[in-house]
Every structure is written in C-alpha cells, then in structure tokens.
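Here are the chains, one letter per residue:
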Amino acid sequence: MIDFKGFNMLILKSFPSEIGQFWFLPYILFCYGLTPIWVALLDKLEEKKGFKYQVSAGMLLFFTDLIIRSFFSYFTPAWVNCYVFGMLFYRCERRADCKALKAWIFILCLLMNGAQIYINYFSGIQMEGDILRKLWRIWCNYAHVLLGACLVIFLRWGYQSIKNLPKWVPKVLDWSDTYSYDIYIVHNAYIQGAYSVLTSFSSMLPGIVLAVVLIILSAIALNKLSNYCRKVAAQHKQIRLSAP
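Residues numbered from 1 in each chain as written. Predicted model: local features only at pLDDT ≥ 70, side-chain atom pairs only at ≥ 80, totals over all residues. Heavy atoms only, no water.

Caption draft 1: Local environment of the side chain of Ser196. Assignment of secondary structure puts Ser196 in the loop between α7 (168-186) and α8 (204-242). At 2.8 Å, the side chain of Ser196 and the backbone oxygen of Ile191 are in polar contact. Polar contacts involving the side chain of Ser196 include one to the main-chain amide nitrogen of Leu198, which spans 3.3 Å. Discounting chain neighbours no more than four positions away, the residues touching Ser196 are Ala189, Tyr190 and Ile191. (Helix = DSSP H or I, 4+ residues; strand = E, 2+ residues; numbered from the N terminus. Polar contact = N/O pair within 3.5 Å; in protein donor to acceptor, adjacent residues only side chain to side chain. Contact = heavy atoms within 4.5 Å.)

As structure tokens, then:
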C-alpha cells in the first residue's frame, strides 16, 4: 500500500477538520494527477466499435477499481471510477453506439439500486461476515454512482427536449454552470466544521440563508482568482517560450 508522509501531504489526507469536511479534495487532486493516463487509455478505446467498445470500457473501470483497491487504500474505488465514468460518458456521446451504453447504465442502475433498497429497507437481510459486508459495500457504492449517472442523463435529456424555454432559464443555467465547480469546492466550509454558520442563529432558516450567500460569494471569488492565476501562468509560459 502507498502510505507515506509525502504522499499523504500531496493528496491532503490530513486536511484540517476545523474548516469543514473536505474529504473530496484528495480525490480531485488524485484524479487530476492521473488524468493524462486515462486520456491516453480512452484515446485507444475510441478505436473500438460496438460491443467491443462497451466491454473495453467495462474493463477499464474494472482495472481502475482493482489498482485503486490494491495500491491506494485511502480512496474508495467507486468514487475514483465515477470520475473515469464521466470522462468515458463525455466521449461516448459523440459515438453512434452511445444509446446502447445508456441502456446498460439504466438497466444496471435499476437492478443495483432496486436490490439495495429491497435488502436494506424491506427484506430484513443482514450481511454477515467481513467478506460479504465488503462486497455489499462495493455494490452499494457503485449503485450510487450509476444513480448519479442516470440522473445526469435524464436531466440532460429533459433540458434538450424542452422547447421555447423562457430566456432567463438558459442564463441561470449558464451562470450556475460557470460557478458550480467552485460552489462544490467551498460549500462545506460554511456547513460543517468550526466555521459553520448553520448554528449561528437560534433558528435554522437565517443560518441557511447566510450559508447560501457566503457560498455563492466565496465561489465567485475563487472562480475569479483561479481564472486570474491561469492567465498569469499562461502569460508566463508564453514569455518563456518566446525568450531567446
């Protein structure tokens, strides 16, 4: 297992709990670091057609899970594979066989989430033994990934199917899309941890309103700052390339 101090610092494994539950930041850094490898593998995958493409995509997800489980025990493989799946699906939408992959996603989503709901809430079945509980945890994690994928597919389909939307709707969606990632990064700082504002008032409602305002303002500030840093880095790179 890879578990040494430098690596832990790199992936923010010991992120200060005082500023919120930022468990997802190590995942983001880890996935970004491995993105070039996945891109190269997906480029190779693009050459395959039909059923071979679907099987190869499944094998890519399987081996990603196996490698994460074997060498990077700090991470939950399903959450890493969720990122890989997003990259895969983005490319799949440009293919003629995308409908077949979507069909597989919906079928597996219904089967896996249906089984989880039945076993957890209706059957009374208890998972006995460490191996069975571990396998069930893997099942439930991937059921959640598939549920998220199905929701994204359904919402995209719904948005694309609706005609003559009011002009303000695309503007709101474009704005939210611009800052959604930044909102995701900062939101926990004002919800959990020492700086949570939800418990700053006797009533929950003012805390929720204040949290929403602070999250939006912080997200906008983070977005502007990151864009500025990217511009400075790009200009510096151009200067270095043009230098004699």
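Caption draft 2: Examining a nonpolar patch on the surface more closely. Among the surface-exposed residues, Phe51, Val55, Met59, Phe62, Phe63, Leu66, Ile67 and Phe71 lie close enough to one another that they form a single nonpolar patch of about 780 Å² accessible area. Its location among the elements puts Phe63 in helix α3 (residues 50-71). Relative accessible area serves as the criterion here: at 41%, Phe63 is assigned to the partly exposed category. (Patch = residues over 30% accessible without salt bridge, like charges linked within 9 Å, V, L, I, M, F, W, Y side chains within 5 Å. Areas by Shrake-Rupley, 256 points an atom, 1.4 Å probe, with all protein chains shown as cover. Salt bridge = Lys/Arg side-chain N within 4 Å of Asp/Glu carboxyl O. Buried < 20%, exposed > 50% of the residue type's maximum accessible area, 1.4 Å probe, protein only.)

Caption draft 3: How the structure looks around the side chain of Asn141. Within the fold, Asn141 resides in helix α6 (residues 130-161). Looking at Asn141, the relative accessible area reads 15%, which means it is buried. Ignoring any residue separated from it by four or fewer positions in sequence, one finds Asn141 in contact with Thr76, Ala78 and Trp79.

Caption draft 4: Broad picture of the pattern of salt bridges. Applying the stated criterion across every chain, the model contains three salt bridges. For Asp43, the salt bridge identified is with Arg91, shortest N-O distance 2.9 Å. Note that Asp43 is positioned in helix α2 (residues 24-45) and Arg91 in helix α4 (residues 77-92), a separation of 48 residues in sequence. With relative accessibility at 39%, the residue Asp43 sits in the partly exposed group.

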